[in-house]
Amino acid sequence: MSEDTRSIELTRIAENHYRATAPSGASIEFGRGEGLMTPVELLLAAVAGCSSIDVDTVTSRHTEPTRFDVSATADKIDEDGASRVDNVHLDFDLAFPDDEDGRKADARIEKLVGLSHDKYCTVSRTVEQETKVDFSIRRD
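The numbering scheme is per chain: residues are counted from 1 as the chain's sequence reads. It should be noted that, the model being predicted, local features are given only for residues of pLDDT at least 70 and side-chain atom pairs only at 80 or more, the latter also being counted only at that level, while totals for whole chains, interfaces and linings use all residues. Note: side-chain values were computed over all heavy atoms of the structure, leaving out hydrogens and water.

## A look at the pattern of salt bridges
For this document, the term salt bridge refers to a Lys or Arg side-chain nitrogen within 4 Å of an Asp or Glu carboxyl oxygen. A full pass over the atoms with the stated rule returns seven salt bridges. In this structure, R6 engages D4 in a salt bridge whose closest nitrogen and oxygen atoms are separated by 2.7 Å. Pair check on accessibility: R6 and D4 agree, each one exposed. When salt bridges that share partners are traced, they join E79, R84 and D86 into one network. Whether a residue is buried, partly exposed or exposed follows from its accessible area with a 1.4 Å probe, protein chains only, as a fraction of its type maximum: under 20%, in between, or over 50%, in that order.

## Brief notes about unusual backbone geometry
For N16, which is not glycine, the phi dihedral falls at a positive 60°. By the criteria applied, helices consist of DSSP H or I runs no shorter than four residues and strands consist of E runs no shorter than two, each listed in order from the N terminus. By secondary structure assignment, the location of N16 is in the loop between β1 (9–14) and β2 (17–21). Its identity is not glycine, yet N87 carries a phi of approximately 55°, on the positive side. Here N87 is to be found in strand β5 (residues 82–95). Here N87 falls in the partly exposed class, since its relative accessible area comes to 48%.

## Description of the packing of helix α1 (residues 39–59) against helix α2 (residues 100–120)
Packing of α1 against α2 brings their axes to within 9 Å, and their N-to-C directions diverge by 140°. Of the possible angle classes, the one that applies to α1 and α2 is oblique. The way α1 lies across α2 gives a crossing that is right-handed. Two secondary-structure elements touch here, α1 through C50, S51, D54, V55, V58 and T59 and α2 through A105, R108, L112, V113, S116 and Y120. For this classification, the nonpolar set comprises Ala, Val, Leu, Ile, Met, Phe, Trp, Tyr, Cys and Pro, the charged set comprises Asp, Glu, Lys and Arg, and every other residue, Gly included, is treated as polar. Counted by class, the contact of α1 with α2 contains seven nonpolar, three polar and two charged residues. Helix axes are fitted only over the stretch in contact, all axes being lines through C-alpha atoms; the angle between N-to-C directions runs from 0 to 180 degrees. Put simply, angles under 35 degrees are roughly parallel, angles over 145 are roughly antiparallel, angles from 65 to 115 are roughly perpendicular, and the rest are oblique. The handedness criterion is simple: a crossing whose near helix is rotated anticlockwise from the far helix by less than a right angle is left-handed, and one whose near helix is rotated clockwise is right-handed. Throughout, a contact is declared for two residues whenever any of their heavy atoms are within 4.5 Å.

## Some points on the environment of F96
By the secondary structure assignment, F96 is in the loop between β5 and α2. For F96 and E79, which are 17 residues apart along the polypeptide, the C-alpha to C-alpha distance reads 43 Å. Leave out the neighbours within four places in its chain, and F96 touches T59, T63, E64, P65, T66, G102, A105, D106 and I109.

## Some words on a nonpolar patch on the surface
Candidates for patches are residues over 30% relative accessible area with no salt bridge; among them, like charges are joined within 9 Å and nonpolar side chains (Val, Leu, Ile, Met, Phe, Trp, Tyr) within 5 Å. Note on areas: Shrake-Rupley with a 1.4 Å probe; residue coverage comes only from the protein chains shown. Together, L43, V88 and V127 line one region of the surface with nonpolar side chains, adding up to about 190 Å² of accessible area. Classification of V88 by relative accessible area gives partly exposed; the value is 35%.

Nothing here speaks to function; it is all geometry.
Structure, rendered in structure tokens:
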């Protein structure tokens, strides 16, 4: 592992219900069932969240947004029984106050979204690459 490794621990709560916990202690429950986000929805949330943080961090230096909503969509694809998502799309719906600071923030949005996509959003950049995923199994 590199010295800049990221990690989570996952615990089964019940059938198809899990809790992921970060080293900070923050956690989120997900799975399959009523009231739970699916892993694919979490992936879309991660892509949208990562880019949102990039845009929000810079625009909030100028002013607070009056609206900051982002939707993420993707097509689920079945390739001979193996599924994945493709065509992930983020739709930013942003508004800022109609004053000098709001116009400064608004003027930066396109550049910031582009920089997030091209350089800063670790999640979307990872999804766009062929990323190695491997596993190990431990038994008592």
